[in-house]
Amino acid sequence: MIKANQIFAGIEGEHNEFENAGILLQSIPYDGTSTWGKGADEGFGAFLDAAENMEIYDIETDSEVYKKGVHIIDPILEDASPEAMFESVYKNTKELLKANKFLTFFGGEHSISIGVIKAFYEAHPDITILQLDAHADLRAEYHGSPYNHACAVYDASKNTNLIQVGIRSMDTSEVPYMDKDKCYFAEDMYGHSGWMEDSISKMTDKVYITLDLDVFDPSIMPATGTPEPGGMLWNPMIQYLKKVFQQKNVLGFDIVELAPIEGLKAPQFLAAKLYYKMLSYKFVNS
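Residues numbered from 1 in each chain as written. Predicted model: local features only at pLDDT ≥ 70, side-chain atom pairs only at ≥ 80, totals over all residues. Heavy atoms only, no water.

Undergrad: For this particular structure, what's the right way to read the overall build of the protein chain?
TA: Each helix and strand in the protein chain was counted, giving eight helices and eight strands. Here the C-alpha radius of gyration of the protein chain, 17 Å, is about what a compact globule of 286 residues would show, namely 19 Å. In terms of principal-axis extent, the alpha carbons of the protein chain reach across some 50 × 45 × 40 Å. Of the contacts formed within the protein chain by residues at least 6 apart in sequence, a portion of 77% connects residues at least 24 apart. Accessible surface, the protein chain: about 12,300 Å² in total, of which carbon and sulfur atoms supply 49%. Separation between the mean location of the 23 positive side-chain charges and that of the 43 negative ones in the protein chain comes to 6 Å. (Helix = DSSP H or I, 4+ residues; strand = E, 2+ residues; numbered from the N terminus. Rg over C-alpha atoms; globule rule 2.2 N^0.38 Å. Contact = heavy atoms within 4.5 Å. Areas by Shrake-Rupley, 256 points an atom, 1.4 Å probe, with all protein chains shown as cover. Lys, Arg positive; Asp, Glu negative; His and termini not counted. Charge placed at Lys NZ, Arg CZ, Asp CG, Glu CD.)

Undergrad: How should I be thinking about helix α2 (residues 82-96) in this particular structure?
TA: Side chains three or four residues apart in an α-helix point the same way, a direct result of the helix having 3.6 residues per turn. Its 15 residues place the ends of α2 21 Å apart at the C-alpha level, agreeing with the 21 Å of an ideal helix rising 1.5 Å per residue. Buried residues of α2: Pro82, Met85, Phe86, Val89, Tyr90, Thr93 and Leu96, and no others. The arc enclosing the buried residues of α2, seen along the axis, measures out at 130°, which places them on a common side. Buried residues belonging to α2 abut β1 (23-28), β2 (70-73), β3 (102-107) and α3 (112-123). (Expected span 1.5 Å × (residues − 1). Buried < 20%, exposed > 50% of the residue type's maximum accessible area, 1.4 Å probe, protein only. Arc of directions from axis to C-beta.)

Right, dumping it as C-alpha cells:
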C-alpha cells in the first residue's frame, strides 16, 4: 500500500524536506513481469514499516545518517506495460539526476532498474554497474519484451562496465552476453575473500549499484520472487559494500525484489538495515 506523506524511519523534521535532504528515495512498485513469486509491489510499505522500527545509530560508522535527510518522492505507478513503465522510469530518473542529490530507488521487480541504469549511464558514460544478484538477468528479451525482469542488465552489459556478483542461476541463452572475467559466481566466492578486491579493481571510479535481494541466501532472505540456494550472508555482503563505498564514488543504488511473506518480518528488516547501512557507508565522512 502506497501512503501519502511517507517519512523515512518515522522521524519527522526539516532534514527530510526536499531542499534540505541529501538523499532522495523513490518507490517503483512495478511487478508486471515477475514469472513465479508475486508481491514485490508490496515491498516498499513493508520496508518503511521495518525502517520505522529499527535503531538509527549505526555502530560500525558511529553515525546517524538519517540526519542527512531522506526525502521520499512520489512513486512511479505506471503499469500499463513493461515498455510504458521503462519509459516513465527513464524519463523520471533523467530529471532526478538534475537535482544534485544522492538517488536511491526501491522496487518492485528488477525490471525497474533498466530505465534507471540507462539514465545514469547517459549522464555518466564511464560508469560501472555493480549487479548483486542470484540471476544473470542478461536475456535480450523475455516473454516478448526487452523490459522484463529477466533482462534487467542486458542493456547495461552493452553500454557500461558491468560487474556481476553472486550469480548462481542463468539460462544458456545468456552465456554469449556474459563477460565471465567480470562475473563472480557464488560457488567460486564461498570461502574466499580475494574476489572482493579483484572485482573492485575492475570498476571505474563511478559506480551505480543494483541489488536484487535474492543475492542473499534464502535462509536469511526468503521473501523474494525467485529465491536461490547458496547465496550471500549478511556480514560478507556488508564487508564488500563497505569496500566499494570506500574505494569508489557510488552515485546511487536500487534495492529490488522484496516480496513480503505474511507473518514473517525479518526479511523487510534486513532490507531496511541494508538500505541504512549503504547510506551510512556513503556519508560516513561527510
